[in-house]
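# What the coordinates show
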Amino acid sequence: MALDYVIDHDCAPKRALSTAGILERLKARERAATIIRLYRRSGDQRSPREMGFEMLRTAADGSEETQIIVVQHLLDSAAELDPLASHCEGCPANRTGAPFGCMSRIDYPISPRGEAFLLDRLPDPPTAPLVWLLLKQGIRDFNYDGGTVRPLRAEDRNIFVAEYALRRDLGELPVDSDQVFEMTFLTGHVQPNHAAILLLFFDALAREQLEAMQITELGALPPEERAAFDFLIPLRDARDDDSTADLRAFLHALYLAWRLDVPLLLDV
């Protein structure tokens, strides 16, 4: 299980196969590689045409059906990506440098260290008073109380490792990681204006260089002017666990989407 995200930059591959179609084929390739690896580890040298596994699919009406999936069919579907991969070279949305690098995911369950990584980046009054006031106002105006996340944490331990949310006091403003998850991932696809605000909240853009007027106008800047803002979070840290590394990459994708003035699509 994972939270998928896509920088929604228009391109030939997306026009040919659709965003959902590309994601489906990338997952098919990963699934096929995993199954082949399991077969080989057990000493089974059959070809992918002779390899199969059961998959439980849930229909829109809630009914479930078990299907037999042949690994070769997954490989054949994924092969449709190959003629389109060259379009990814030099694409400004290609975050990873690999084909279809505008698409990635945050694997579940999210670790406490990952939750703390986001919570610890939030502004406090002494160091970033304007952004702190913006955070306080946003939590109040949009009612980010974590209420949509708490049931997920309580009922489904596949999403979070920790049973309870972490908490941090930002001056007079207490914030917990349920609220952070809610305002980041559960408001729908992230539009550029919201992306700009989240990047400020998580200290990914230079807060100290912005006056109050500039902060409110970040989402309306022409894309060419957004290039003046660097991404301030290191892209990797040897101390990261998997969740923290995934969240670091997500924030970088959020930055690129904002730079390009396109949404960051989420499938939570």
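Please refer to the structure placed before this passage.
Computed from a prediction, not measured in an experiment: that's the story for all the values here.

As a further point, take the pairing of strand S6 (residues 173-176). The two faces of the sheet receive side chains in turn, since in a regular strand these alternate between them. Bridging between strand S5 (residues 167-170) and S6 involves 4 bridges; their strand directions are antiparallel. Opposite Asp-169, over in S6, you have Pro-174 as the bridge partner.

To continue, consider the side chain of Arg-248. Structurally, Arg-248 can be placed in helix H11 (residues 242-260). Apart from residues no more than four positions distant in its own chain, Arg-248 is found in contact with Phe-117, Phe-231, Ile-233, Pro-234, Leu-235, Arg-236, Asp-237 and Asp-240.

Between side chains of opposite charge, a pair can form when the charged atoms approach closely. Scanning all chains against the criterion turns up 16 salt bridges. In this structure, the salt-bridge partner of Arg-140 is Asp-141, at a minimum N-O distance of 3.0 Å. A relative accessible area of 59% means that Arg-140 is categorised as exposed. Residues Asp-169 and Arg-167 are paired through a salt bridge, measuring 3.1 Å at the closest nitrogen-oxygen approach. Relative accessible area serves as the criterion here: at 60%, Arg-167 is assigned to the exposed category. Within this structure, Glu-30, Arg-105 and Asp-107 form a network of salt bridges that share partners.

Before going further, it helps to examine the packing of aromatic side chains. Per the counting criterion, the structure on display carries 8 aromatic pairs. Measuring from ring centre to ring centre gives 4.8 Å for Phe-185 and Phe-250, while their planes differ by 50°; the resulting arrangement is tilted. Of this pair, Phe-185 sits in helix H7 (residues 177-185) while Phe-250 sits in helix H11, and the two are 65 residues apart along the sequence. Classification of Phe-185 as buried rests on a relative accessible area of 2%. Ring centres of Phe-229 and Trp-258 lie 5.9 Å apart, and the angle between their planes is 75°; on these two criteria the pair is classed as edge-to-face. Taken together, the residues span a long stretch of sequence, with Phe-229 in the loop between helix H10 (223-226) and H11 and Trp-258 in helix H11 at a distance of 29 residues.

A packed helix pair is summarised by two numbers, namely the angle formed by the two axes and the spacing between the axes. It is the contact of helix H2 (residues 19-41) with helix H3 (residues 71-78), at a shortest axis distance of 8 Å, that shows an interaxial angle of 140°. H2 and H3 meet at a crossing whose hand is left-handed. Side by side, H2 and H3 meet where Arg-25, Ala-28, Arg-29, Arg-31, Ala-32, Ile-35 and Ile-36 of the first sit next to Val-71, Leu-74, Leu-75, Ser-77 and Ala-78 of the second. Within the contact of H2 with H3, the residues separate by chemical class into 8 nonpolar, 1 polar and 3 charged.

Let's shift gears to the sheet that holds strand S7 (residues 264-267). The pairing of strands in a sheet comes from backbone hydrogen bonds and takes either a parallel or an antiparallel form. Sheet architecture is open: 3 strands sit in the order S4-S1-S7, paired in antiparallel fashion. Every interior strand has two partners, whereas the edge strands, strand S4 (103-107) and S7, have only one. Neighbour-to-neighbour, the strand axes of the sheet open up by a mean angle of 20°, direction not taken into account. Bridge count for strand S1 (residues 2-7) against S7 is 4 bridges, and the pairing is antiparallel.

Take the nonpolar core next. Within the largest apolar cluster, 70 residues are counted, with the highest numbers of intra-cluster contacts made by Leu-122 and Leu-264. Of the residues forming this core, the biggest block, 10 residues, is contributed by H11. Of all hydrophobic cores here, the second largest spans 10 residues; its members include Ala-28, Met-55, Ile-69 and Val-71.

Here is what the cut-offs are and how they apply
- Residues numbered from 1 in each chain as written.
- Predicted model: local features only at pLDDT ≥ 70, side-chain atom pairs only at ≥ 80, totals over all residues.
- Heavy atoms only, no water.
- Pairing = 2+ DSSP bridges.
- Helix = DSSP H or I, 4+ residues; strand = E, 2+ residues; numbered from the N terminus.
- Contact = heavy atoms within 4.5 Å.
- Salt bridge = Lys/Arg side-chain N within 4 Å of Asp/Glu carboxyl O.
- Buried < 20%, exposed > 50% of the residue type's maximum accessible area, 1.4 Å probe, protein only.
- Phe/Tyr/Trp six-rings, centres within 6.5 Å; stacked < 30°, edge-to-face > 60°.
- Axes fitted to C-alpha atoms, helices over the stretch in contact; angles between N-to-C directions.
- Left-handed = near helix turned anticlockwise from the far one by under 90°.
- Nonpolar A, V, L, I, M, F, W, Y, C, P; charged D, E, K, R; others polar.
- Core = buried A, V, L, I, M, F, W, Y, C linked by side-chain atoms within 4.5 Å.

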